[in-house]
Amino acid sequence: MKPEGDRVGRLRGKSGPLRLICMRCGAFWLKSIRAWRLTLDWTVLLYIVLPGLWIAGGMYQDLLRHPPDWIGRLPGQMPVAILAILMVRGRLRTFAEHGDGLFLRASGGWVRMMTKAGLAYTLAARLAVSAAGAGFMLPLMSRATGWSFEEGAALALSAGLMGFVWTLVRDAAERRLQGVRRLLAVYGLRAAFIAGWVPAAAWMMIGDEPLPAATVIGALIVGGAWLGWRRLHRTGTFTQELEAEQRAYGDNVGWVLKETEQAKRPPAGRRPWVLRKPRPLLKRRDEAARIAELWLRAMLRESEWMRLLLQFASLGMAAIWLSPLWLAAIAWLGMCTLLLLWLNGLWGKWETERYMALYDWRRELRSEAREIGRSLILRPVALTWCAILGLHAGWTYGGLWWLEVALLPAAGYLLLSRINRAASSMLAARRAGRGRPDAEESE
Amino acid sequence: MTGENWLMRAAISAAGYEQGKAVLRDVAIEVKPGERVGLLGPNGAGKSTVMKGLLGQLPYWVADVEWRGTSGAKSEAPGGAMNRRLAYIPEQPILYERFTLWEHLQLAAAVCGISEERLAERARGLLARFRLERVKDDYPIKFSKGMQQKTMLVAAFLLEPSVYLVDEPFIGLDPAAVMELLEALDEERARGAGVLLTTHVLDSAERLCDRFVLVHEGGAAASGTVADIRAAAGMPDGTPLFDCFHRLTRAAAAEGP
């Protein structure tokens, strides 16, 4: 028979706060990995991810073996700024869960121990990320700036500590502020951290003297310890901790679970930032146009969709400007089709939102509204591409070719209407072919 | 089924969440103009299943559902989402994150063919009644549960349907809002609309409803007026619905499946 004390010790180990936070941390990463595997199944890994890594690794190796000239021209602040951007993405983790509110939060000892463990995890995570970032950049930068391993390690350490200080400052700001003010504060603080950190780190890296590096690292250690101590003794943090955990999970798996309820993020403010007032945007006021207008409002308020749209529009502009004219014209058509299909898919997803699905949509209304909605986004983007194509023609050939700047958008306008209408007919035919009278495609 | 003066009548043969697996059998419901019908039952009895079936949200649904002015043939997958014929007020508010309150109403109006003029006129009164005027340009997803529920009420009343399906109307609303809801429902009944409501609050149900359908373990244990329910439970006059409910569900449990 084992001694009693041993058994008590084992029981304490089983139910202690440290063990609990370790289990939660493990569960968090397991859950995240399971979510990633929804997208990264073995076929994606085998045919896309692994070849991609192989190619990227080869390119990186090639960069090291035969460094191009531009590497030498890179400013020394660049890796510092990249590390800073990586660092100010983090947040303080405590692995709090809703159920803690029942009993666990009543025990000060448990809460303190779990907070300590959370602080340690956050620090370790920041250091790991900065080490990985610096480790990736250092071989390249050693050629550009002549940095040594010690200098790189000092940069990684100080960046990790700065990241830790950032998480505590961010936590304090998010606890105090809500809505728009919180968002503005976080963005402002981010900018301030990057602006303050880049010159400090650049100063630290000047010359071979260890004093600047020791000063910066020492100051960050003192600052981090003081903020951590304050955070440890702060009460009333539970709600913020739960929200931070939810957002951390959303950040981790958002790209996979973008369409699911658990990864959805509520809007930041109480009121919309975009199109706050319900003033009509379209002259046409029939039911289909009213629905399309509502879709446009939702679309403009969805930052992720807007980001993708702007990226696609910018890439399209670059592709049209950089290609020969004949190829740019073909690219315009291809990109318009792609954009149209993407918008159609977005509409399909929007339409199946639970609130929209509450209502009995007439088939014709659904189809007409979708067509108007698509054109509301397709037109401005595609016509901008047309104008770029016209500019390209004028720039290349000069003279009367400059007229294309006005003529191509006009022709594009007419063509787009036809393309959009043709897409509606095609999608309707597909729907009829599938024999689902109430269903719409969402590809 | 009785008489021809009805707004909605449903004879549900089988319904469930998986094809061929019925969790609800042989339930008949009729809603007449101006009538409030209470769909009562313990947790898991099948009340929400009935609601979902009537809304066309069940994968397995074998029922004859008829609406006034329409005659639905026997259907396994009815399309019954909200329109001018039917409005649903769910127990848990269903909202869209990127719409303001006003935009929720705009969508409901546009999909259900209500003009903008009528929307403005009708919504003004409803927003005032439920004290939501000040927040009409705010995101309802940021409201309290009670205010979110009021948003759903306004969206439903806006449609002026023939039948209201109201799921647990007293949960999440403050007493003043419950009174407003009941008054608004009374006005709609005066217009000729019918109400089918589910609730656990039997005292309120007894006071509010004209007829009842008591669902227990996926079947109808009793239906009719309070007097009919008392008779079915073998209870004397004046016995509260609560006791009848208790007697009937206990008897059904004793009989077993």
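Here, residues in each chain are numbered from 1, in the same order as that chain's written sequence. Here the convention is simple: chains get letters from A, ligands get numbers from 1, in the order in which they are written. Only residues with pLDDT of at least 70 get local features here, since the model is predicted, and only at 80 or more are side-chain atom pairs given and counted; chain-wide, interface and lining totals rely on the full set of residues.

### With respect to the overall build of chain A
Thought 1: Helix numbers and strand numbers start at the N terminus; a helix is a DSSP run of H or I with at least 4 residues, a strand a run of E with at least 2. Broken down by element type, chain A carries 16 helices and zero strands.
Thought 2: The principal-axis extent of the C-alpha atoms belonging to chain A is close to 85 × 60 × 45 Å.
Thought 3: Counting other C-beta atoms within 10 Å of a residue's own tells you its class, since 20 or more makes it buried, 12 or fewer makes it exposed, and anything in between is partly exposed; those C-beta atoms are placed from the backbone. Expressed as a percentage of its 443 residues, the buried residues of chain A come to 27%.
Thought 4: Note on contacts: residues are paired as contacts if their backbone-placed C-beta atoms lie within 7 Å. Of the contacts made within chain A by residues no fewer than 6 positions apart, 78% connect residues no fewer than 24 positions apart.

### Some remarks on the overall build of chain B
Thought 1: A count of helical and extended segments in chain B gives eight helices and nine strands.
Thought 2: A burial count over chain B gives 47% of its 257 residues as buried.
Thought 3: Pairs at least 24 apart in sequence give 71% of the contacts found in chain B among residues at least 6 apart.

### Notes on helix α15 (residues 363-397) of chain A
Residue and element names in this part refer to chain A.
Thought 1: Multiplying 1.5 Å by the residue count of a helix minus one yields the expected span of that helix. Spanning 35 residues, α15 covers 49 Å between terminal C-alpha atoms, matching the ideal 51 Å at 1.5 Å per step.
Thought 2: The axis of α15 is deflected most strongly, by about 35°, at L378, and proline P380 appears within four residues downstream.
Thought 3: G398 occupies a position one or two residues after α15 and carries a positive phi of about 65°. A residue's bend is the angle separating two fitted axes: one through the seven residues that end there, the other through the seven that start there.

### Side note on the nonpolar core
Thought 1: The term nonpolar core refers to a group of buried residues, namely Ala, Val, Leu, Ile, Met, Phe, Trp, Tyr and Cys, whose C-beta atoms join them within 7 Å. If you look at the biggest cluster of nonpolar residues, it comprises 117 residues, and the most contacted ones within it are V154, A156, L158, Y164 and L214 of chain B.
Thought 2: Beyond its immediate stretch of four places on either side in the chain, L214 of chain B contacts L40, G41, A220, A221, A222, S223, I229, F245 and L248 of chain B.
Thought 3: By size, the runner-up hydrophobic cluster in this structure holds 34 residues, among which are M87, L138, A159 and L168 of chain A.

### Regarding the interface of chain B and chain A
Thought 1: In this assembly, 28 residues from chain B lie in contact with 26 residues from chain A.
Thought 2: No other element matches helix α2 (residues 101-111) of chain B, which puts eight residues into the side of chain B that touches chain A.
Thought 3: Looking at the side of chain B that touches chain A residue by residue, the classes come out as 15 nonpolar, six polar and seven charged. Gly counts as polar in this scheme, as do all residues outside two lists: the nonpolar Ala, Val, Leu, Ile, Met, Phe, Trp, Tyr, Cys and Pro, and the charged Asp, Glu, Lys and Arg.

### A word on the domain arrangement of chain B
Often, the extent of an interface is quoted as the loss of accessible area upon association of its parts.
All names here are of chain B.
Thought 1: Either an automatic procedure or a domain database provided the assignment from which the domain bounds are taken. As far as domains go, chain B holds domain 1 (1-85 + 162-257) and domain 2 (93-160).
Thought 2: Contact with domain 1, which involves eleven residues of that partner, is made by eleven residues of domain 2.
Thought 3: Top contributing element to the side of domain 1 that touches domain 2 by residue count: helix α5 (residues 175-191), with four residues.
Thought 4: Of the residues belonging to the side of domain 1 that touches domain 2, the class tally is six nonpolar, two polar and three charged.

### So, unusual backbone geometry
Negative phi characterises most residues that are not glycine, and trans characterises most peptide bonds.
Residue and element names in this part refer to chain B.
Thought 1: The phi dihedral of D26 is positive, around 50°, even though this residue is not glycine.
Thought 2: Although it is not a glycine, E160 adopts a positive phi angle of roughly 45°.
Thought 3: In this fold, E160 is placed in the loop between α4 (145-158) and β6 (163-167).
Thought 4: Take E160: there are 15 C-beta atoms within 10 Å of it, and that puts it in the partly exposed class.

### Here we look at the sheet that holds strand β7 (residues 194-199) of chain B
Residue and element names in this part refer to chain B.
Thought 1: Strand pairing requires that DSSP identify at least two bridges connecting the strands. An order of β5-β6-β7-β3-β8-β9 is seen for the six strands of this open sheet, with the pairing classed as mixed. The sheet is open, and its two edges are formed by β5 (86-89) and β9 (219-224), each paired on a single side. Each neighbouring strand pair of the sheet contributes to a mean axis angle of 15°, computed without reference to strand direction.
Thought 2: Note: β5 against β6, four bridges, orientation parallel. An axis is simply a line fitted to the C-alpha atoms; with a helix, the fit covers only the stretch in contact. Between two such axes, the angle follows the N-to-C directions and lies from 0 to 180 degrees.

### Focus: the domain arrangement of chain A
Thought 1: We note that the domain assignment places domain 1 (14-253) and domain 2 (290-434) within chain A.
Thought 2: Between the C-alpha centres of domain 1 of chain A and domain 2 of chain A there is a distance of 39 Å.

### Focus on the environment of G192 of chain B
All names here are of chain B.
Thought 1: Here G192 is to be found in the loop between α5 and β7.
Thought 2: Taking the C-alpha atoms as reference, G192 lies 26 Å from L132; in sequence the two are 60 residues apart.
Thought 3: Residues within four places of G192 in sequence aside, it is in contact with P33 and G34.

### Focus: the packing of helix α7 (residues 149-176) of chain A against helix α9 (residues 210-232) of chain A
All names here are of chain A.
Thought 1: Where α7 contacts α9, the two axes come as close as 9 Å, and the packing angle between them is 30°. The pairing of α7 with α9 is recorded here as roughly parallel in orientation. The handedness of the crossing between α7 and α9 is left-handed. Counting all contacts with α7, which are made through A154, L157, S158, L161, M162, F164, V165, L168 and D171, the residues of α9 involved are A213, V216, I217, L220, I221, G223, G224, L227, G228 and R231.
Thought 2: Of the residues in the contact of α7 with α9, the class split is 13 nonpolar, four polar and two charged. Here the word oblique covers every angle except those under 35 degrees (roughly parallel), over 145 (roughly antiparallel) and from 65 to 115 (roughly perpendicular). Should the near helix be turned anticlockwise from the far one by less than a right angle, the crossing is left-handed, and should it be turned clockwise, the crossing is right-handed.

### Things to note about the pairing of strand β3 (residues 36-40) of chain B
Here is the key point about a regular strand: its side chains alternate between the two faces of the sheet.
Residue and element names in this part refer to chain B.
Thought 1: For β3, a buried count of five out of five residues is recorded, marking the element as mostly surrounded by other parts of the structure.
Thought 2: What you see with β3 is no split at all: R36, G38 and L40 on one side and V37 and L39 on the other are buried throughout.
Thought 3: Pairing analysis gives five bridges linking β3 to β7, with the strands arranged parallel. Residue pairing for β7: V37 is matched across the bridge by L196.
Thought 4: Of the pairings in the sheet, the one linking β3 to strand β8 (residues 211-216) comprises four bridges and is parallel in character. The residue of β8 that forms the bridge with L40 is L214.

### Some thoughts on the sheet that holds strand β4 (residues 60-67) of chain B
Pairing between the strands of a sheet comes from backbone hydrogen bonds, and it takes one of two forms, parallel or antiparallel.
Residue and element names in this part refer to chain B.
Thought 1: The three strands are arranged β2-β1-β4 in an open sheet whose pairing can be described as antiparallel. Of all strands in the sheet, those with a lone pairing partner are β2 (24-31) and β4, marking the two edges. Direction aside, neighbouring strands of the sheet carry axes that sit 10° apart on average.
Thought 2: Bridge count between strand β1 (residues 8-16) and β4: eight bridges; the pairing is antiparallel. Paired with R9 across the strands is E66, a residue of β4.
Thought 3: Sheet strands touched by helix α1 (residues 47-54): β1, β2 and β4. Its angle to β1, the strand with the most contacts, is close to 110°.

### Considering the packing of helix α5 (residues 77-87) of chain A against helix α8 (residues 179-205) of chain A
All names here are of chain A.
Thought 1: The interhelical angle for the contact between α5 and α8, taken along N-to-C directions, is 140°, at an axis separation of 9 Å. When the interaxial angle is binned, α5 and α8 end up oblique. The chirality of how α5 crosses α8 is right-handed. Listed contacts from α8 to Q77, V80, A81, A84 and I85 of α5 are F193, I194, W197, V198, A201 and A202.
Thought 2: Of the residues assigned to the contact of α5 with α8, the class counts are ten nonpolar, one polar and no charged.

### Details of the environment of D171 of chain A
Residue and element names in this part refer to chain A.
Thought 1: Residue placement: D171 occurs in helix α7.
Thought 2: Between the alpha carbons of D171 and L184 there is a distance of 14 Å; along the sequence they are 13 residues apart.
Thought 3: Non-local contacts of D171, meaning those with residues more than four positions away in its chain, are made with L92, R231 and Q240.

### Side note on α9 of chain A
Thought 1: Helix length check: α9 of chain A (23 residues) gives 32 Å between terminal C-alpha atoms against 33 Å at 1.5 Å per residue, within 8%.
Thought 2: Three or more residues of α9 of chain A are buried, namely A213, V216, L220, G224, L227, G228 and R231 of chain A.

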